[in-house]
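# Working through the structure, step by step
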Amino acid sequence: MSFEAGIGVMGTKLGMMTYFEPGGKVVPVTVVGFREGNIVTQVKTQATDGYDAVQVGYRRVRDRKLTKPELGHLNKIGAIPMRHLQEFRLTSLEGFEPSQKLNVEELFNEGDLVDVSGNSIGKGFQGGIKRHNFKRGPMTHGSKSHRALGSIGAGTTPGRVYKGKKMPGRMGGTKTKIRKLKIVKIDTELRVVMINGAVPGKPGNLLRITPAKIVGKNIPKN
């Protein structure tokens with residue numbers, strides 16, 4: 001895995017809405033809420049684990065929802081039972097310690113660019129037109145190929161279909177990252193963040209928000 005540009009947080013997608021900027025500009029935003037959690041559960045170092053990373057927990061659940069090893073891992077630092085544990089690989093671990101709480105308003109500011117990742121909406125088994133934006137065939141004049149895929153390869157040579165050929169199949173339901181989205185508004189009272197544009201998944205989906213990687217600024221060119 002590559003290094004993150006900085007420590008991030010996890011949140012829950014609440015939905016989309018229209019936000020009016022002070023100048024009157026209309027901006028479509030995604031509202032992200034934050035439940036209990038975003039607590040540092042473990043600091044991994046090169047000496048103990050072979051790499052440097054900060055493990056963060058999110059979303060409180062009942063004890064019976066977790067296994068005994070999971071509860072034991074969280075009880076070591078006296079943390080609440082949390083559903084999600086994710087790691088953020090960082091170049092420097094200075095300033096992080098177990099049971100430390102991560103607040104969004106302390107990590108990000110309005111106007112910052114962030115990378116948002118999550119599982120996209122699963123659309124099931126779809127054809128080539130919906131999945132890969134293929135064109136359909138003629139609908140009249142005796143045509144019998146309307147939404148069919150058509151030819152998928154050559155004849156005797158090579159005598160097979162090449163790997164990676166765009167064909168019907170499962171669509172969506174994969175990990176997706178949208179890069180360099182702008183934070184429009186941070187509401188500390190409602191504990192929500194408004195991010196410009198759309199992010200992966202349905203309302204209620206788990207999101208991972210990290211500072212946007214900008215080559216030469218927060219990550220090296222090599």
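Just above sits the structure.
Quick look at the structure, then. Everything numeric here is computed off the predicted structure, so don't read it as measured data.

The subject of this paragraph is the pattern of salt bridges. Per the counting criterion, the structure on display carries 3 salt bridges. With its nearest N and O atoms 2.4 Å apart, the salt bridge here joins lysine 44 to glutamate 87. Residue lysine 44 is located in strand β3 (residues 37-44), and its partner glutamate 87 is located in strand β5 (residues 82-89); the two are separated by 43 residues in the primary sequence. Judged by relative accessible area, glutamate 87 falls into the partly exposed class, the value being 22%. We note a salt bridge from aspartate 115 to arginine 179, for which the minimum N-O separation is 3.6 Å. Here aspartate 115 is found in strand β6 (residues 113-119), whereas its partner arginine 179 is found in strand β9 (residues 175-187), with 64 residues between them in sequence. Assessed through its relative accessible area of 2%, aspartate 115 is described here as buried.

To continue, consider the sheet that holds β3. On the basis of which strands lie adjacent, the open sheet formed by 3 strands has the order β3-β4-β5 and antiparallel pairing. Whereas interior strands pair on both sides, the edge strands pair on one side only; in this sheet they are β3 and β5. The average undirected angle you get between the axes of adjacent strands in this sheet is 25°.

Turning next to a positive patch on the surface. A cluster of basic residues, Arg35, Arg59, Arg62, Arg64, Lys65 and Arg83, forms a positive patch on the protein surface. Its place among the elements puts arginine 62 in the loop between β4 (53-60) and α2 (68-75). The class of arginine 62 is exposed, set by a relative accessible area of 55%.

The subject of this paragraph is the pairing of strand β1 (residues 9-20). Alignment of β1 against strand β11 (residues 206-211), held across 4 bridges, turns out to be antiparallel. Counterpart to valine 9 in the pairing with β11 is isoleucine 209. With 8 bridges joining them, β1 and strand β2 (residues 26-33) adopt antiparallel strand pairing. The residue of β2 that forms the bridge with glycine 15 is valine 31. Between β1 and β2, which pair antiparallel and follow one another directly, the connecting turn spans 5 residues, one of which, glycine 24, has a positive phi of 100°.

Going through the model one piece at a time under the given rule, you end up with 0 aromatic pairs. If you follow arginine 89 out to its NZ or CZ, it ends over the ring of phenylalanine 3, 5.3 Å from the centre.

Our next topic: the nonpolar core. Counting 25 residues, the largest nonpolar core has Phe108, Val116, Ile195 and Ile209 as its most contacted members. If you list the elements that add at least two residues to this core, you get β1, β4, β6, β9, β10 (192-196) and β11. Both of domain 1 (20-34 + 105-139 + 167-221) and domain 2 (35-103) provide at least three residues apiece to this core. Discounting residues that sit within four places of it in the chain, phenylalanine 108 has contacts with Ile7, Val9, Val114, Ile183, Ile186, Ile209, Thr210 and Pro211.

At the junction of threonine 157 and proline 158, the peptide bond is cis and its omega measures out at 5° in the coordinates. Relative to the elements of secondary structure, proline 158 occurs in the loop between α4 (128-132) and β8 (169-171). Positive phi is not limited to glycine here, since serine 99 has a value of about 70°. With respect to the element layout, serine 99 can be found in the loop between β5 and α3 (104-107). Positive phi, close to 60°, is recorded for asparagine 133, a residue that is not glycine. Within the secondary structure layout, asparagine 133 lies in the loop between α4 and β8.

Moving on, we get to the sheet that holds β10. Spatially, the 6 strands close up into a barrel ordered β1-β2-β10-β9-β6-β11, and their pairing is antiparallel. Each strand axis lies, on average, 50° off the axis of its neighbour in the sheet, ignoring direction.

Position of valine 192 among the secondary structure elements: in strand β10. Judged by relative accessible area, which is 10%, valine 192 ranks as buried. The spatial distance from the C-alpha of valine 192 to the C-alpha of leucine 181 is 16 Å, given a sequence separation of 11 residues. Non-local contacts of valine 192, meaning those with residues more than four positions away in its chain, are made with Leu14, Val31, Val32, Gly33, Lys185, Ile186 and Asp187.

Reading guide: rules and limits
- Residues numbered from 1 in each chain as written.
- Predicted model: local features only at pLDDT ≥ 70, side-chain atom pairs only at ≥ 80, totals over all residues.
- Heavy atoms only, no water.
- Salt bridge = Lys/Arg side-chain N within 4 Å of Asp/Glu carboxyl O.
- Helix = DSSP H or I, 4+ residues; strand = E, 2+ residues; numbered from the N terminus.
- Buried < 20%, exposed > 50% of the residue type's maximum accessible area, 1.4 Å probe, protein only.
- Pairing = 2+ DSSP bridges.
- Axes fitted to C-alpha atoms, helices over the stretch in contact; angles between N-to-C directions.
- Patch = residues over 30% accessible without salt bridge, like charges linked within 9 Å, V, L, I, M, F, W, Y side chains within 5 Å.
- Areas by Shrake-Rupley, 256 points an atom, 1.4 Å probe, with all protein chains shown as cover.
- Lys, Arg positive; Asp, Glu negative; His and termini not counted.
- Charge placed at Lys NZ, Arg CZ, Asp CG, Glu CD.
- Phe/Tyr/Trp six-rings, centres within 6.5 Å; stacked < 30°, edge-to-face > 60°.
- Lys NZ or Arg CZ within 6 Å of the ring centre and 35° of its normal.
- Core = buried A, V, L, I, M, F, W, Y, C linked by side-chain atoms within 4.5 Å.
- Domains from an automatic or database assignment.
- Contact = heavy atoms within 4.5 Å.

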